[in-house]
Amino acid sequence: MSRPDADTGVGPDGPDRGGSPGAGATDHQMASSALEGWRRVHIATVFLNLWSFLAALAGALLINALTQVRAGTQFLTEHVGWIAVAVSIAAIPVVFAPVWAATLPWWKARSYRLQGGQVEIRRGIVSRQNRTARFDRIQAVDIVEPLIARIFGLASVRIETAGGGDSELAVSFLRRADAEALRDEILTETRGYGTAIAAACAHGAMEAASSDRGGDAACAVMGTPIPDAADSARDDRAQPARVLIPEIPIARSIVSSILHPAVIIAAVLAVGAAVFPVAATGILPAIVGVVPWLYAVVNRSWRYAASIEDGALSMGYGLAERRRQTVPLDRIHAVQIHQPILWRLTGWWSVRVDIAGYKEDPNGMSTVVLPVGSLVDALEVFAAIGPLDATEVAHLARPEGMSRPDFTSPQHALLASPIDLLRQGVTLVGDGHSVPYAIVTHSGRFARRVSAIDPAHIQELTVRRGPVQNALGIATVGFDLVPGPVHMAGEDLLPTEAGRLLAILRARRLPAFTPSPARGERD
């Protein structure tokens, strides 16, 4: 997958190109700037970006001079009085006024616009930076509200594009209403672009579509299959907004986070440290290491809610940092229902996805579409965003176990899979006479998983045979997917069955491919 158009360099119009003109500008300059379509971010943006540094600096000074601060406070209260002390504390914001004023030149250099089939962001004074994201490359658009920004009613719009680890663009910060309007505007442009490309593909007019929109889009530039009549008949996603998951109760979020092996182990270690203080020095780092992970787990399910609107999945969640994430459904490749072993006590499940173009997220913030819910909730989400409808999910993809698998492991594979042997298999969903339109895999006896994918979204196929598998005469057919938490494979199959599965999947319909232009041709 090619990198996004995120280039850095000196802007062609020089350092005064961005934003609206100053007070001394002529009417002609003001009109010219307006025609360019550049928009300014909020005036507090640069100051808020410096806030973490300023807070850390103030904290360090306070900790290092705590004794002096106490002595000074005592002296002031005894000789001056509490009123003077209160006035001094209230005057602290005045100290930050010069800092804020110093950030104004950098604020004036920050601007963004939607023009020419792309989002363009620029910033910098000494070293100018321009980054662009074409609408055909945009994977998702999120609204993020860090804690300090929420206090001031501000938010950031983050644009995820197809590419590597540096594929995210951010418009920071805007008023919350402006951020929501910008997100809707970008999504509207993205949907309009996708509709035009799909129509061009269906009529064999890709060249015309590319020239009209100014891009090099292929029918499935993000891995979306070439549309046909069957796909159109099965696609019922473009519906009015409907609530998919109501807000998850906070108590459920907390309890589900606690019911995890890592938390249980940390609790046992904490008890051990209390009983055996001598061992506390070695145990404490392990306990402390669990805290950030536990916070991330709680954060991604805190007040979580999801809905589907205009062919996109909208999610809202977050404790300190509130995030509203919008992912077009056609960017979702693989879907998986998962149940950790301890959640079997409560009957809870989660749903995870692989999203084309999303970078790896160790905290799963971008790929968990149902942090915790009942089996009914999980099945509803699975059917809403996956390649199967509700009836097919009920008959072929129940997470409790396989009902009609087409490929399973033979009995003599027990040594290779002593626990999961009877729980792993592959089910092909189709009419039986052509390449299936969905693949379902089951795995896990204790931590149960069921996954589904459209075969067109499988990037590559790999046949693996380890030493034990060679000795037993079995093989695994691995499905290479876009980066994400979902992993699928036909585990421990007979060589003839592995070859048959491989032949079926090799006949799958692949997206059309149009090479991206060279870097020098992008601008």
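Owing to the predicted nature of the structure, the values given are computational and were not obtained by experimental measurement.

Turning to the sheet that holds strand 21 (residues 488-493), a few remarks are in order. If you trace the 3 strands from one edge of the open sheet to the other, you get 19-20-21, paired in antiparallel fashion. Taken across any chain shown, the strands that pair with only one partner, and hence form the sheet edges, are strand 19 (460-464) and strand 21. Direction aside, the axes of adjacent strands within the sheet are offset by 15 degrees on average. One ladder, built from 5 bridges, connects strand 19 with strand 20 (residues 475-480); its direction is antiparallel. Bridging across to strand 20, arginine 464 finds its partner in threonine 476.

What follows covers helix 15 (residues 375-385). When you tally the buried positions in helix 15, you get 9 out of 11 residues, the bulk of the element. Listed in full, the buried residues belonging to helix 15 are Leu375, Asp377, Ala378, Leu379, Val381, Phe382, Ala383, Ala384 and Ile385.

Counting residues in hydrophobic clusters, the biggest one holds 43 residues, and the most contacted among them are Leu313, Ile332, Val369, Ile385 and Leu388. The contacts of isoleucine 332, once residues within four sequence positions are left out, are Leu313, Val327, Val353, Asp354, Ile355, Ile385 and His457. The next biggest cluster of nonpolar side chains, apart from the first, holds 22 residues, and it includes Val41, Val157, Leu174 and Leu182.

This next bit is on the sheet that holds strand 5 (residues 138-145). One open sheet accounts for 7 strands, arranged 7-6-5-11-10-9-8; its pairing is antiparallel. Each of the sheet's edge strands pairs with one partner strand only, and the pair in question is strand 7 (168-175) and strand 8 (242-245). Between one strand and the next, the sheet's axes are offset by a mean angle of 20 degrees, whatever the strand orientation. Relative to the sheet, helix 15 contacts strand 8, strand 9 (305-309) and strand 10 (312-317), its axis offset from that of strand 8 by approximately 125 degrees.

This structure, assessed with the given rule, holds 2 aromatic pairs. Judged by centre distance (6.0 Å) and plane angle (25 degrees), the ring pair of tyrosine 304 and tyrosine 317 falls under stacked. Placement of tyrosine 304 in the loop between helix 14 (280-301) and strand 9 and of tyrosine 317 in strand 10 is noted, with a sequence separation of 13 residues between them. Tyrosine 317 matches tyrosine 304 in its accessibility class, with the two residues each being buried. Relative to tryptophan 348, the ring of tryptophan 343 has its centre 6.5 Å away and its plane inclined at 85 degrees; by these criteria the two rings are edge-to-face.

We now examine the pairing of strand 4 (residues 129-134). The buried count for strand 4 comes to 5 of 6 residues, which makes it a mostly enclosed element. Pairing of strand 3 (residues 118-123) with strand 4 involves 6 bridges; the strand directions are antiparallel. Considered in strand 4, the bridge of valine 119 is made with alanine 133. Taken together, strand 3 and the strand that follows it, strand 4, pair antiparallel across an intervening segment of 5 residues, in which glycine 124 is found at a positive phi of about 100 degrees.

Quick look at helix 18 (residues 495-506) now. In an α-helix there are 3.6 residues to a turn, and that puts residues three or four apart on one side. Here helix 18 is 12 residues long and its end C-alpha atoms lie 16 Å apart, about the 16 Å a rise of 1.5 Å per residue gives. For helix 18, every residue scored as buried is listed here: Ala498, Leu501, Leu502 and Leu505. The buried residues of helix 18 occupy an angular sector of 100 degrees when the element is viewed end-on, so they sit on one face. At its buried positions, helix 18 is contacted by strand 15 (407-408), strand 16 (425-429), strand 17 (438-443), strand 19, strand 20 and strand 21.

Before going further, it helps to examine the side chain of aspartate 136. Along the chain, aspartate 136 falls in the loop between strand 4 and strand 5. Separated by 3.2 Å, the side chains of aspartate 136 and arginine 134 make a polar contact.

With that settled, consider the environment of aspartate 480. As for its placement among the helices and strands, aspartate 480 is situated in strand 20. Aspartate 480 sits 21 residues away from glutamine 459 along the chain, and the two C-alpha atoms are 5.5 Å apart. Reaching out from aspartate 480, the side chain makes a polar contact with the side chain of threonine 462 at a distance of 2.9 Å.

A separate point is the pairing of strand 17. Across the 6 residues of strand 17, 5 count as buried, placing the element largely inside the fold. Sheet topology places strand 16 next to strand 17; 5 bridges connect them, and they run antiparallel. Directly across from valine 429, in strand 17, lies its bridge partner alanine 438. Taking the residues between adjacent antiparallel strands as the criterion, strand 17 and strand 18 (residues 448-453) are bridged by 4 residues, where glycine 444 takes a positive phi near 85 degrees.

What follows concerns the environment of leucine 319. Position of leucine 319 among the secondary structure elements: in the loop between strand 10 and strand 11 (322-328). What makes leucine 319 partly exposed here is its relative accessible area of 32%. Taking the C-alpha atoms as reference points, leucine 319 and alanine 296, separated by 23 residues in sequence, lie 9.4 Å from one another. Residue contacts for leucine 319: discarding those within four places in its chain leaves Arg150, Tyr295, Asn299 and Trp302.

What counts, and at which threshold
Residues numbered from 1 in each chain as written. Predicted model: local features only at pLDDT ≥ 70, side-chain atom pairs only at ≥ 80, totals over all residues. Heavy atoms only, no water. Pairing = 2+ DSSP bridges. Helix = DSSP H or I, 4+ residues; strand = E, 2+ residues; numbered from the N terminus. Axes fitted to C-alpha atoms, helices over the stretch in contact; angles between N-to-C directions. Buried < 20%, exposed > 50% of the residue type's maximum accessible area, 1.4 Å probe, protein only. Core = buried A, V, L, I, M, F, W, Y, C linked by side-chain atoms within 4.5 Å. Contact = heavy atoms within 4.5 Å. Phe/Tyr/Trp six-rings, centres within 6.5 Å; stacked < 30°, edge-to-face > 60°. Expected span 1.5 Å × (residues − 1). Arc of directions from axis to C-beta. Polar contact = N/O pair within 3.5 Å; in protein donor to acceptor, adjacent residues only side chain to side chain.

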